[in-house]
Amino acid sequence: MAAKSINITLKIWRQKNCNAKGQMETYTLKDVSTASSFLEMLDQLNEQLVNEKKEPVAFDHDCREGICGMCSLYINGRAHGPDNGVTTCQLHMRMFDDGATIYVEPWRSAAFPVIKDLVVDRSAFDRIQQAGGFVSVNTSGRTMDANAIPVPKEDADKAFEAAACIGCGACVATCKNGSAMLFVGAKVSQYALLPQGKVEATQRALNMVRQMDEEGFGNCTNTGACEIECPKGISLDNIARLNREFLKASLVSNK
Ligand code: SF4
Ligand code: FES
């Protein structure tokens, strides 16, 4: 499909800092190529704002290819916008009609406070990772080569699928309870399915869930919205596995 240009109206959340009261502001943008990505469109808007000597819109991004999980935006009421299985940086302007009005907001969740405009603080996810999302390996020289440890193909595939989580936070933002269970389920699963992850399995499940609760994420009530909006197709099976791992760990630690 040949690229064309569209004119759009943007309603964007502007907020000076975490303590300021924010509001939606309206901008018009002309000649946006339908071949450009959503972030390139925001670049175009910021160029226009700078030329008009106005403050550009702050938004997060790094890789711009669906890997880092930084580009977290709520677009027209959907986490990562109207396309399926893509992050905001992979969303294209061909998804929008000429003359469209597009609403752009930051993630809305108590555990992800707004820092400025569209940028939120997702360091709660980092602290959950630090609490248990790792394996300790003795590197004294006698460590077995990881490839020498046999792993059933089905387990390896499931672990790989769980490891595809990029920590973007769309699952939290889209959940009416602000639950982080899909993220934590993916992070626990990727290790629980592999022999390398068994050694610390008990502390991992307990510590990551404890940290998740401390960070103020809500409880999971199985609405399934997280799975629908996850750009990496992380399945609810990972939440079920997290619950099993947590139960096992609780029984072991109570002995
Ligand atoms: S589970 Fe999906 S939506 Fe949640 S942080 Fe991981 S990639 Fe993002
Ligand atoms: S900028 Fe890295 S996933 Fe979008």
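Bear in mind that the values here come from a model prediction, so they are computed numbers and not experimental data.

## Quick word on the domain arrangement of the protein
(1) Moving on: Splitting the protein by domain gives domain 1 (5–116) and domain 2 (123–254).
(2) Moving on: Relative to domain 2, the C-alpha centre of domain 1 lies at a distance of 30 Å.
(3) Moving on: The junction of domain 1 with domain 2 conceals about 1,200 Å² of combined surface from both sides, 55% of it contributed by carbon and sulfur atoms.
(4) Moving on: Contact with domain 2 buries area across many residues of domain 1, yet Ala 79, Ala 111 and Phe 112 alone supply 32% of it, more than any other trio.
(5) Moving on: Here Glu 229 ties to Arg 78 by a salt bridge, and the two come within 2.9 Å at their closest N and O atoms.
(6) Moving on: The interface formed by domain 1 and domain 2 includes 4 residue pairs in polar contact (both at pLDDT 80 or more).
(7) Moving on: Looking at the side of domain 1 that touches domain 2 residue by residue, the classes come out as 8 nonpolar, 7 polar and 2 charged.

## Describing the packing of aromatic side chains
(1) Moving on: One pass over the full model with this rule turns up 6 aromatic pairs.
(2) Moving on: Here the aromatic rings of Phe 112 and Phe 217 are separated by 5.7 Å at their centres, their planes lie at 80°, and the arrangement is edge-to-face. Taken together, the residues Phe 112 in the loop between β5 (101–105) and β6 (114–116) and Phe 217 in the loop between α6 (201–214) and α7 (225–229) connect sequence positions 105 residues apart.
(3) Moving on: Here a set of aromatic residues connected by ring pairs shows up, and it is made of Phe 112, Phe 125, Phe 183 and Phe 217.

## Some details on helix α8 (residues 237–254)
(1) Moving on: Given a rise of 1.5 Å per residue, 18 residues ought to cover 26 Å, and the 26 Å separating the end C-alpha atoms of α8 matches this to within 8%.
(2) Moving on: Among all positions of α8, only Asn 238, Ile 239, Arg 241, Leu 242, Glu 245, Ala 249 and Ser 250 are buried.
(3) Moving on: Looking at the buried positions of α8, the neighbouring elements they touch are α3 (153–163), α5 (181–192), α6 and α7.

## Concerning the pattern of salt bridges
Pairing of side chains with opposite charge becomes possible as their charged atoms draw close.
(1) Moving on: Enumeration over the complete set of coordinates arrives at 12 salt bridges.
(2) Moving on: With a shortest N-O distance of 2.7 Å, Asp 157 and Lys 153 are connected by a salt bridge. Of this pair, Asp 157 and Lys 153 both sit in helix α3, 4 residues apart, roughly one helical turn.

## A closer look at the nonpolar core
(1) Moving on: By size, the foremost hydrophobic cluster in this structure holds 33 residues, and its most contacted members are Trp 107, Phe 125, Ile 128, Val 184, Met 212 and Phe 217.
(2) Moving on: Elements with a minimum of two residues in this core: α2 (123–132), α4 (170–174), α5, α6 and α8.
(3) Moving on: When residues in this core are grouped by element, the largest group, 6 residues, is from α5.
(4) Moving on: Discounting chain neighbours no more than four positions away, the residues touching Met 212 are Ile 128, Ala 180, Met 181, Val 184 and Phe 217.

Reading the values: rules and limits
- Numbering of residues starts from 1 in each chain and follows the order in which that chain's sequence is written.
- Just so you know, chain letters begin at A and ligand numbers begin at 1, following the order they were written in.
- Only residues with pLDDT of at least 70 are given local features in this predicted model, and only at 80 or more are side-chain atom pairs given and counted; all residues enter the totals for whole chains, interfaces and linings.
- Neither water nor hydrogens contribute to the side-chain values; these are computed over all heavy atoms in the structure.
- Delimitation of the domains relies on an automatic or database domain assignment.
- Take the accessible area each of two parts loses on contact, using a 1.4 Å probe, and add the two losses: that sum is the buried area.
- Each reported salt bridge corresponds to a side-chain nitrogen of Lys or Arg within 4 Å of a carboxyl oxygen of Asp or Glu.
- What qualifies as a polar contact is a pair of N or O atoms within 3.5 Å, subject to a donor-acceptor requirement within protein and to the restriction that residues adjacent in sequence count only when both atoms come from side chains.
- Three residue categories are used. Nonpolar comprises Ala, Val, Leu, Ile, Met, Phe, Trp, Tyr, Cys and Pro, charged comprises Asp, Glu, Lys and Arg, and polar comprises the others, including Gly.
- We call Phe, Tyr and Trp rings a pair once their centres come within 6.5 Å, taking the six-membered ring for Trp, and we label the pair stacked below 30 degrees between planes, edge-to-face above 60, and tilted otherwise.
- Helix and strand labels come from DSSP, where a helix needs a run of H or I of at least four residues and a strand needs a run of E of at least two; each type is numbered from the N terminus.
- What a helix should span is 1.5 Å times the count of its residues minus one.
- Only protein chains enter the calculation, and the probe is 1.4 Å; a residue is then buried if its accessible area is under 20% of its type maximum, exposed if over 50%, and partly exposed in between.
- Only heavy atoms enter the contact rule, under which two residues are in contact if any of them lie within 4.5 Å.
- We call a set of buried Ala, Val, Leu, Ile, Met, Phe, Trp, Tyr and Cys residues a nonpolar core when their side-chain atoms join them within 4.5 Å.

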